[in-house]
Amino acid sequence: HLGSVVAYFTSAKFLLYLGHALSTWGDRMWHFAVSVFLVELYGNSLLLTAVYGLVVAGSVLLLGAIIGDWVDKNSRLKVAQTSLIVQNASVILCGIILMIVFLFKTQLLTLYHGWLLTVCYILVITIANIANLASTATAITIQRDWIVVVAGEDRSKLADMNATIRRIDQLTNILAPMAVGQIMTYGSPMIGCGFISGWNLMSMCVEYLLLWKVYQKTPTLALKSAKVEESELKQLNVKKESDTKPAEGVQLIVEKDVTGFEPQQEKEVSCGARIAEPFITFRDGWVAYYNQPVFLAGMGLAFLYMTVLGFDCITTGYAYTQGLSGSVLSLLMGASAVTGIMGTVAFTWLRRKCGLIRTGLISGVAQFACLVLCAISVFMPGSPMDLTVSPFADISARLFESEPLPTIASPEDKPEMVFATGMPNLLNGSTTPANSDPEMSPEPVPLISVSLLFAGVIAARVGLWSFDLTVTQLLQENVVESERGIINGVQNSMNYLLDLLHFIMVILAPNPEAFGLLVLISVSFVAMGHIMYFRFAQKSLGKQLFVCCTPDPKTVSDSSPPGNTSTV
């Protein structure tokens, strides 16, 4: 027994979990802290956080395919190590700049009429954005590629590993912001900066070592299909069914083709072609994504990002306007983490019993059924929905006084993003509703509506996380190895695009009276996402779609290796 315990703790699988836990912990601490730091710096205004959120979303939206293409074109170890170093070095540098700004803010305000301070703000947002892009590259390479190779041809093992990774995400989402929040509350923002910089420095060294150990323990990580020409790729796909040669043989052929081809390419490439290359990569990435057999499933997942029904600052702000206290909200967040973990357990069980594609269908029905409670809550006593109140009334006052602008955290972790809202200024510690009149005494609000809303949101997390894991595994299993990076990069961009629409929707209707309308729109988008997935399942399974609890050999059996495009 002792030998098996030691073997588990030294296995590539456990080392991958440990590295992911360290990376995610650092990420969550930084994303939580950077928003608060930017608010502190800019005189308790959400302007900088809004700019940061837009820059991050826009960058991933535009560069997702290019980052994915870079992941595909380079060796696994080089990609993982480069993105790890860039991400952590950027956070450390940001931390140092922020410490300098906190220490010498008064002096910086007077130098060059405050322009030096503005340069510092621009530097912080730019470097923090680079850190986020590197984090995106890390997530693509580890969670969408390394994990598939470490699992080998065992799809049950792949499902268990995906579920464990999500459980780590759930726990760090709750615990990391709490930890750094305590340090900043009982210390100061400067101490918080120092702590995060120090943590990232130590974490970078440990994660680097863990990556190297995983790479050594999994020899197949060294074998990677190089990015080949489209015509060659089609030929490989055509021959795939009859090709019984070992992976090493295929790899040698691919490497020979590429190495023999590269020198000629370099001579032919002109300056104009180099400038056009990123745009061509962007176009090719989106076209390749559209042509994937799992395109509709990926789109279905992306549509779940267009929602206010998550534990973000928008929903939290709305809850404050409805009279819920901070302690009650923290308990509700804890409950949501528990139901999220239950969703990962449900995924592994359902997949074994019903097959991967049917698991997505069951999860979708479960999530939508729970969100119906949210739709009903809009019409219950206590709901402030009043469509006669124009969301455009005093819009300038809303923009410049209440600052109803977003701050975006990390997209590959969870299907809801983190936003700041103008309903209450949560980051300032104020719990006064944005639209309340201070002269009027607040009347008690019936809690039936808000209780139903949160019951629906919390219960829906089971279906949400199970569905997220289903689509993640479908992408892992059905995207050819040489395109994993670019396809997952485009998937990230798609998620951010729908998230930006969510942000625009809140900007247009930031008042609590319009929140009910936002809930109904969100439920509609979730329904559309699951309809797309149903269409994908119908195409994939045909008449076997409703044959209950019989594992689908196309998705459950371990007879064909992950990455085979003919599985769906």
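Residues numbered from 1 in each chain as written. Predicted model: local features only at pLDDT ≥ 70, side-chain atom pairs only at ≥ 80, totals over all residues. Heavy atoms only, no water.

This part is about the overall build of the chain. When you go through the chain residue by residue, the secondary structure sums to 19 helices and zero strands. By the burial criterion, 53% of the 568 residues in the chain qualify as buried. Long-range pairs, those at least 24 residues apart, make up 85% of the contacts in the chain with a sequence separation of at least 6. (Helix = DSSP H or I, 4+ residues; strand = E, 2+ residues; numbered from the N terminus. Buried < 20%, exposed > 50% of the residue type's maximum accessible area, 1.4 Å probe, protein only. Contact = heavy atoms within 4.5 Å.)

Nonpolar side chains in soluble globular proteins generally cluster together in the buried interior. Counting residues in hydrophobic clusters, the biggest one holds 69 residues, and the most contacted among them are Val-308, Leu-309, Phe-454, Val-519 and Tyr-533. No other element matches the 13 residues that helix 17 (residues 448-478) contributes to this core. Looking at this core, you find at least three residues from each of domain 1 (1-222) and domain 2 (284-390 + 446-546). In contact with Phe-454, other than residues within four places in its own chain, are Phe-311, Thr-315, Ala-319, Leu-324, Leu-329 and Leu-332. (Core = buried A, V, L, I, M, F, W, Y, C linked by side-chain atoms within 4.5 Å. Domains from an automatic or database assignment.)

For the rest of this paragraph, the subject is the environment of Ala-459. Locating Ala-459 in the fold gives a position in helix 17. We classify Ala-459 as partly exposed; its relative accessible area is 29%. For the pair Ala-459 and Thr-339, spaced 120 residues apart in the sequence, the C-alpha separation amounts to 6.7 Å.

The next thing to look at is the side chain of Arg-28. Tracing the backbone through its elements, the reader meets Arg-28 in helix 2 (residues 12-41). A distance of 2.4 Å separates the side chain of Arg-28 from the side chain of Asn-173, its partner in a polar contact. (Polar contact = N/O pair within 3.5 Å; in protein donor to acceptor, adjacent residues only side chain to side chain.)

Time to look at the environment of Val-490. Following the sequence through the fold, Val-490 ends up in helix 18 (residues 484-508). Once you skip the residues sitting within four places of it in the chain, Val-490 turns out to touch Gly-64, Ala-65, Gly-285, Trp-286 and Tyr-289.

For Trp-25, the location among the structural elements is in helix 2. Residue Trp-25 is classed as partly exposed on the basis of its relative accessible area of 22%.

On to the packing of aromatic side chains. Scanning the model with the defined rule gives 16 aromatic pairs in all. A centroid spacing of 5.9 Å and a plane angle of 75° characterise the contact between Phe-37 and Phe-102, whose relative ring orientation is edge-to-face. Here the residue Phe-37 occupies a position in helix 2, and Phe-102 occupies one in helix 4 (residues 76-103), the gap between them amounting to 65 residues. For Phe-37, a relative accessible area of 1% gives the class buried. Accessibility expressed as a relative area gives 22% for Phe-102, which makes it partly exposed. An aromatic cluster of at least three residues, connected via ring pairs, comprises Phe-282, Trp-286, Tyr-289, Tyr-290 and Phe-295. (Phe/Tyr/Trp six-rings, centres within 6.5 Å; stacked < 30°, edge-to-face > 60°.)

This paragraph deals with the side chain of Ser-203. Within the element layout of this structure, Ser-203 appears in helix 8 (residues 189-217). Residue classification places Ser-203 among the buried positions, given a relative accessible area of 5%.

Turning to the confidence of the model for the chain, a few remarks are in order. Overall, the predicted model of the chain reaches an average pLDDT of 78, with 76% of residues at or above 70. Mean pLDDT per element in the chain: helix 10 (residues 247-268) is the minimum at 38, and helix 12 (residues 295-303) is the maximum at 96. Confidence drops under a pLDDT of 50 for residues 553-568, and excluding neighbours within four residues, the segment shows 56 contacts in the predicted structure. (pLDDT = per-residue confidence, 0-100.)

Right, let's get into a nonpolar patch on the surface. A cluster of nonpolar residues, Leu-111, Tyr-112, Trp-115, Leu-116, Val-119 and Leu-123, forms a patch on the protein surface that exposes about 620 Å² of accessible area. Among the structural elements, Leu-116 can be located in helix 6 (residues 115-151). When its relative accessible area of 31% is taken as the criterion, Leu-116 is described as partly exposed. (Patch = residues over 30% accessible without salt bridge, like charges linked within 9 Å, V, L, I, M, F, W, Y side chains within 5 Å. Areas by Shrake-Rupley, 256 points an atom, 1.4 Å probe, with all protein chains shown as cover. Salt bridge = Lys/Arg side-chain N within 4 Å of Asp/Glu carboxyl O.)

Helix-helix packing is characterised by the crossing angle of the two axes and by the distance between the axes. One can describe the packing of helix 15 (residues 356-377) onto helix 19 (residues 515-541) by two numbers: an axis separation of 10 Å at closest approach and a directional angle of 160°. By the criterion of interaxial angle, the relationship of helix 15 to helix 19 is roughly antiparallel. In this structure, helix 15 crosses over helix 19, and the sense of that crossing is left-handed. Here Leu-356, Ile-357, Arg-358, Gly-360, Leu-361, Gly-364, Gln-367, Phe-368, Leu-371, Cys-374 and Ala-375 of helix 15 come into contact with helix 19, specifically with Val-519, Leu-520, Val-523, Val-526, Ala-527, His-530, Tyr-533, Phe-534, Phe-536, Ala-537, Ser-540 and Leu-541. Classifying every residue of the contact of helix 15 with helix 19 gives 17 nonpolar, five polar and one charged. (Axes fitted to C-alpha atoms, helices over the stretch in contact; angles between N-to-C directions. Parallel < 35°, antiparallel > 145°, perpendicular 65-115°, else oblique. Left-handed = near helix turned anticlockwise from the far one by under 90°. Nonpolar A, V, L, I, M, F, W, Y, C, P; charged D, E, K, R; others polar.)

A rise of 1.5 Å per residue sets the reference length of helix 11 (residues 271-290), with its 20 residues, at 28 Å; its end C-alpha atoms lie 30 Å apart and thus fit the reference within 8%. Of all bends in helix 11, the biggest is about 40°, found at Glu-277, and the proline Pro-278 comes one to four residues later. Taken as a whole, helix 11 has its buried residues at Thr-281, Gly-285, Ala-288 and Tyr-289. Buried residues along helix 11 sit in contact with helix 3 (47-73), helix 12 and helix 18. (Expected span 1.5 Å × (residues − 1). Bend = angle between axes of the 7 residues up to and from the residue.)

A turn of α-helix holds 3.6 residues, and therefore any two residues three or four places apart point the same way. Counting buried positions along helix 12 yields eight of nine residues, so the element is predominantly enclosed. Here helix 12 has its buried residues at Phe-295, Ala-297, Gly-298, Met-299, Gly-300, Leu-301, Ala-302 and Phe-303. Buried residues along helix 12 sit in contact with helix 11, helix 17, helix 18 and helix 19.

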